[in-house]
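In case you want the letters, here they are:
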Amino acid sequence: METVPPAVDLVLGASACCLACVFTNPLEVVKTRLQLQGELQKRGTYPRLYRGFVASVVAVVRADGLCGLQKGLAAGLLYQGLMNGVRFYCYSLACQAGLSQQPGGTVVAGAVAGALGAFVGSPAYLVKTQLQAQTVAAMAVGHQHHHESLLGALETIWRQQGLAGLWRGVGGAVPRVMVGSAAQLATFASAKAWVQERQWLPEDSWLVALAGGMISSIAVVAVMTPFDVVSTRLYNQPADGAGRGKLYGGLTDCLVKIWRQEGPLALYKGLGPVYLRLGPHTILSMLFWDELRKLAGRGQHQGS
């Protein structure tokens, strides 16, 4: 993998993930609706307004129009830019310091970088989740916040709940991104190296990064989905006057309530759409990042 300065990795990582977000945001809308459907209700006791990926896409379009599939896109782009800029920057710093050469170093570096990125990007993810959950009353799942825009939502939350309100739900977001980031960055590097060793593809081909991203995406979805469900619930729940969630007290409380009231399989609600969203996003992000790093690395070599 080409070596570039951490500051360049910040820009490249943020750009790659924002570009991927444009393509995967509709999947995020569907995933959010599925994860909020039947919240704290036993299976079979609520109407299933969203059923699987294709039917859910049709339901969103009927309720909100084609533009409804890109709900929360501005907030999603802000989140991807902030979270992944910080994540790739910190990961690059760790690799530059030699941590990735130590046993388990890539996992630790990916987890720590992911935690920092999740904290920085949490307000944007909060607003993204709430905007994507909003729809007409007949198709509503989860609490409806009635925001008008990204800036309007940030202003409303700030005014009603204070600065701390913008980070409500961060306790679920940090573990979510930690496990996802650790799995993604560690498995992508090793999967790409494994594909190169097999010499199935030309060493410098973009197909090597594509294959590495495809393998990495499976690991990411497997470990991240339960935390993704919890994170969606924590971010979208209604809050009291003090900014505290009315349904869940935090990560552990949310996990326990979902397990007890909806069953353990509820932690994998919307698994198909989750993979259809996280899978392509992981593949595209890592492919774009890898190719951009190659270009940046070659530019450095030519300039020296």
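See the structure shown above.
Report follows, based on the coordinates. If you're wondering where the values come from, they're calculated on a predicted model, not measured in any experiment.

1. Here we look at the pattern of salt bridges
Oppositely charged side chains can form a pair if their charged atoms are brought close together.
Thinking step 1. Applying the stated rule across the entire model yields 11 salt bridges.
Thinking step 2. One salt bridge connects Asp228 with Arg176, and the closest N-O pair in it is separated by 2.5 Å. Here the residue Asp228 occupies a position in helix H7 (residues 206–236), and Arg176 occupies one in helix H6 (residues 170–198), the gap between them amounting to 52 residues.
Thinking step 3. The exposure class assigned to Arg176 is buried, which follows from its relative accessible area of 2%.
Thinking step 4. A salt bridge links Glu262 to Arg233, with the nearest nitrogen and oxygen atoms 2.8 Å apart. Here Glu262 is found in helix H8 (residues 251–262), whereas its partner Arg233 is found in helix H7, with 29 residues between them in sequence. For the residue pair Glu262 and Arg233, the accessibility class agrees, reading buried in each case.

2. Overview of H7
Thinking step 1. If you check H7, its first and last C-alpha atoms are just 38 Å apart, much less than what 31 residues at 1.5 Å a residue would give, namely 45 Å.
Thinking step 2. Maximal helix bending in H7 amounts to about 50°, located at Met224; proline Pro226 follows within four positions.

3. Considerations on a nonpolar patch on the surface
Thinking step 1. Residues Leu10, Val11, Tyr89 and Leu93 make up a contiguous nonpolar surface patch of roughly 300 Å² in combined accessible area.
Thinking step 2. Secondary-structure elements contributing two or more residues to the nonpolar patch are helix H1 (6–36) and helix H3 (73–96).
Thinking step 3. One can find Leu10 in helix H1.
Thinking step 4. Residue classification places Leu10 among the partly exposed positions, given a relative accessible area of 34%.

4. Concerning unusual backbone geometry
Thinking step 1. A positive phi angle, near 55°, is found at Leu40, a position not held by glycine.
Thinking step 2. Position of Leu40 among the secondary structure elements: in the loop between H1 and helix H2 (52–64).
Thinking step 3. Residue His146 is not a glycine yet carries a positive backbone phi of 60°.
Thinking step 4. Structurally, His146 is set in the loop between helix H4 (105–133) and helix H5 (150–161).
Thinking step 5. Exposure remark for His146: the relative accessible area of 64% places this residue in the exposed category.

5. A closer look at the environment of Thr24
Thinking step 1. On the secondary structure map, Thr24 appears in helix H1.
Thinking step 2. Distance from Thr24 to Leu73, taken between C-alpha atoms, is 9.8 Å for residues 49 residues apart in sequence.

6. Some remarks on empty space enclosed by the protein
If a probe the size of a water molecule is rolled over the atoms, the empty space left behind becomes visible.
Thinking step 1. Counted according to the given criterion, the structure contains 2 cavities of 30 Å³ or more.
Thinking step 2. The space that makes up the second largest cavity amounts to roughly 50 Å³.
Thinking step 3. What lines the second largest cavity is Cys21, Thr24, Asn25, Glu28, Gly76, Tyr79, Gln80, Lys128 and Arg277.
Thinking step 4. Those elements giving two or more residues to the lining of the second largest cavity turn out to be H1 and H3.
Thinking step 5. It is H1 that provides the largest number of residues to the lining of the second largest cavity, a total of 4 residues.
Thinking step 6. Partitioning the lining of the second largest cavity into residue classes produces 2 nonpolar, 4 polar and 3 charged.

Quick notes on the rules
- Residues numbered from 1 in each chain as written.
- Predicted model: local features only at pLDDT ≥ 70, side-chain atom pairs only at ≥ 80, totals over all residues.
- Heavy atoms only, no water.
- Salt bridge = Lys/Arg side-chain N within 4 Å of Asp/Glu carboxyl O.
- Helix = DSSP H or I, 4+ residues; strand = E, 2+ residues; numbered from the N terminus.
- Buried < 20%, exposed > 50% of the residue type's maximum accessible area, 1.4 Å probe, protein only.
- Expected span 1.5 Å × (residues − 1).
- Bend = angle between axes of the 7 residues up to and from the residue.
- Patch = residues over 30% accessible without salt bridge, like charges linked within 9 Å, V, L, I, M, F, W, Y side chains within 5 Å.
- Areas by Shrake-Rupley, 256 points an atom, 1.4 Å probe, with all protein chains shown as cover.
- 1 Å grid on protein atoms, 1.4 Å probe; cavity = no way out; pocket = protein on both sides within 12 Å on 5 of 7 lines; lining within 4 Å.
- Points joined across faces, edges and corners; volume = space filled by probe spheres on them.
- Nonpolar A, V, L, I, M, F, W, Y, C, P; charged D, E, K, R; others polar.

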